[in-house]
Amino acid sequence: MQLVDNYQRRFQYLRLSITELCNFQCQYCLPRGYQPNKKHKFLSLNEINHVVATFTDLGVRKIRLTGGEPTLRRDFIDILSLISSYPSVKELAITTNGSRLLKNIHHWHQAGLNAINISIDSFTPHLFKLITGQDKLKELLQCVDKSLEVGIKKVKINTVLMKNMNDNLNDYLLWIKDIPVELRFIELMETGESNDTFNRYHLSGSFIEKQLIAQGWELQPKKSLSGPAKIYVHSDYQGKIGLIMPYSKDFCKSCNRLRVSSIGKLHYCLFGDAAVDLRDLLESSEQKQQLKARILASLMIKPEKHLLHNHRVGLTPNLSYIGG
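The structure reproduced in this document is the subject of the present report. Everything quoted here is computed from the prediction, not taken from an experiment.

**Some details on the nonpolar core**
Grouped burial of nonpolar side chains is what soluble globular proteins tend to show. By size, the foremost hydrophobic cluster in this structure holds 97 residues, and its most contacted members are Leu3, Leu16, Phe55 and Leu65. Sequence-distant contacts of Leu65, that is, excluding residues within four places in its chain, are made with Leu16, Ile18, Pro70, Phe76, Ile79, Leu80, Ile83, Ala93, Ile94 and Thr95.

Quick look at the structure:
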């Protein structure tokens, strides 16, 4: 059995949120900081094991741990070790704000982590602090070097593109000229709590793309387990530039990922109007066949595309809810 929907899209990539907790106050996500929901009890290690066992049986080969900030879980290394014990998982990745990376990346790598996305929303210190609420830019740049140093195979930088804040391409080109990382501009996306921020700061990724093409950057062919990013390369640069443009035409055609939230709900789209609760089937390995059946059935209601253009943002109140 394989994870294939009605539009013949195959899903080999699972984004698994393990917490909603975050210690940053990013303007586009949690500008007032994390507000605990006492009703939300995050997935246990045992429940995570059942999720991973089932999705790998169904053909998932890449798992990304997200949050909130996933590294804030006290059992984070145990989660990495658990997932990396599955031979079929070819890529074990995390998306992190980097706040716990410098001291721990060596141990995470030993536990099986082989890909990492670090959120750096500006290379200008005062803008970074303004966007994230944290004065940690210098430390995060050290995190990039440290990740490469310990042997992480894929190191990417995530930058949420914000008009008149961090949209000067030249600031980034200077940095990636001699460092082998992929820097990805992610279009600001509207969520249930971010309408004002979206209207003020949204900027199409085509603004960056046109500049790249004019400067001789070339589009790289997509790889099988890669996400929706368009990757540009240039012979004069060791680094690459990625663009994630959810408002662009046909963005959803290449969808290859599913999401499970930190409270055990399967979201077939980041901006979907429905989620399928899996938690009652995560208690025992004896429930695996029922769990598979529920997951496969849920794909039959996955829509062809999101409705962001119509300002329909679905169930997502903010990006920490299911990991962005």
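**Comments concerning the packing of aromatic side chains**
Summed over the entire model, instances satisfying the criterion amount to 5 aromatic pairs. Where Phe123 meets Trp175, the ring centres are 4.8 Å apart and the plane angle is 65°; that geometry is what we call edge-to-face. Separated by 52 residues along the polypeptide, Phe123 in the loop between strand E4 (115-119) and helix H4 (125-132) and Trp175 in helix H6 (residues 169-176) bring together distant segments of the chain. The buried category is assigned to Phe123, whose relative accessible area is 16%. Measuring from ring centre to ring centre gives 4.8 Å for Trp217 and Tyr237, while their planes differ by 40°; the resulting arrangement is tilted. With Trp217 in the loop between helix H8 (206-214) and strand E7 (218-219) and Tyr237 in the loop between strand E8 (230-233) and strand E9 (240-244), the pair connects residues that are 20 residues apart, well separated along the chain. A single burial state applies to Trp217 and to Tyr237, both of which are buried. Pairwise contacts between aromatic rings join Phe123, Tyr172, Trp175 and Phe185 into one cluster. Over the aromatic face of Tyr13 sits the side chain of Lys62, whose NZ or CZ is 4.2 Å from the ring centroid.

**Notes on the layout of surface pockets**
Counted as a void, the largest pocket has a volume near 530 Å³. Lys154, Lys156, Glu182, Lys223 and Lys240 are, among the 29 residues lining the largest pocket, the residues nearest its centre. In terms of residue count, the dominant contributor to the lining of the largest pocket is strand E5 (residues 154-161) (3 residues).

**So, helix H9 (residues 288-299)**
When the terminal C-alpha atoms of H9 are compared, their 17 Å separation across 12 residues agrees well with the 16 Å that a helix rising 1.5 Å per residue should span. Every buried residue belonging to H9 is among Leu291, Lys292, Ile295, Leu296, Ser298 and Leu299, and all of these are buried. The arc that holds the buried residues of H9, viewed along the axis, is 155°, so those residues lie on one side. Against the buried residues of H9 lie helix H1 (45-57), strand E10 (257-260), strand E11 (265-267) and strand E12 (276-277).

**A closer look at the pattern of salt bridges**
Applying the stated criterion across every chain yields a total of 12 salt bridges. Salt bridges sharing partners connect three or more residues here, namely Asp57, Lys288 and Lys292.

**Points about the side chain of Ser262**
For Ser262, the position within the fold is in the loop between E10 and E11. Beyond its immediate chain neighbours, meaning those up to four positions away, Ser262 contacts Ser17, Ile18, Thr19, Glu20, Lys41, Phe42 and Leu43.

**A short note on unusual backbone geometry**
Looking along the chain, the bond that leaves Gly67 and enters Gly68 is cis, with omega of 20°. Turning to its location among the elements, Gly68 is positioned in the loop between strand E2 (62-66) and helix H2 (76-84). At Gln8, a residue that is not glycine, the phi angle is positive and equals roughly 60°. Looking at the secondary structure, you find Gln8 in the segment before strand E1 (13-17).

**Examining the pairing of E4**
Extensive coverage of E4 is indicated by the burial of 5 of its 5 residues. Of the two faces of E4, the one lined by Ala115, Asn117 and Ser119 and the one lined by Ile116 and Ile118 are each fully buried. Examined bridge by bridge, strand E3 (residues 91-96) and E4 share 4 bridges and lie parallel to one another. Within E4, the residue paired with Ala93 across the bridge is Ala115. In the classification by handedness, the crossover that spans E3, the intervening helix H3 (residues 101-110) and the parallel E4 is right-handed.

Calculation notes
Residues numbered from 1 in each chain as written. Predicted model: local features only at pLDDT ≥ 70, side-chain atom pairs only at ≥ 80, totals over all residues. Heavy atoms only, no water. Core = buried A, V, L, I, M, F, W, Y, C linked by side-chain atoms within 4.5 Å. Buried < 20%, exposed > 50% of the residue type's maximum accessible area, 1.4 Å probe, protein only. Contact = heavy atoms within 4.5 Å. Phe/Tyr/Trp six-rings, centres within 6.5 Å; stacked < 30°, edge-to-face > 60°. Helix = DSSP H or I, 4+ residues; strand = E, 2+ residues; numbered from the N terminus. Lys NZ or Arg CZ within 6 Å of the ring centre and 35° of its normal. 1 Å grid on protein atoms, 1.4 Å probe; cavity = no way out; pocket = protein on both sides within 12 Å on 5 of 7 lines; lining within 4 Å. Points joined across faces, edges and corners; volume = space filled by probe spheres on them. Expected span 1.5 Å × (residues − 1). Arc of directions from axis to C-beta. Salt bridge = Lys/Arg side-chain N within 4 Å of Asp/Glu carboxyl O. Pairing = 2+ DSSP bridges. Right-handed = clockwise from strand over helix to strand, strands pointing away.

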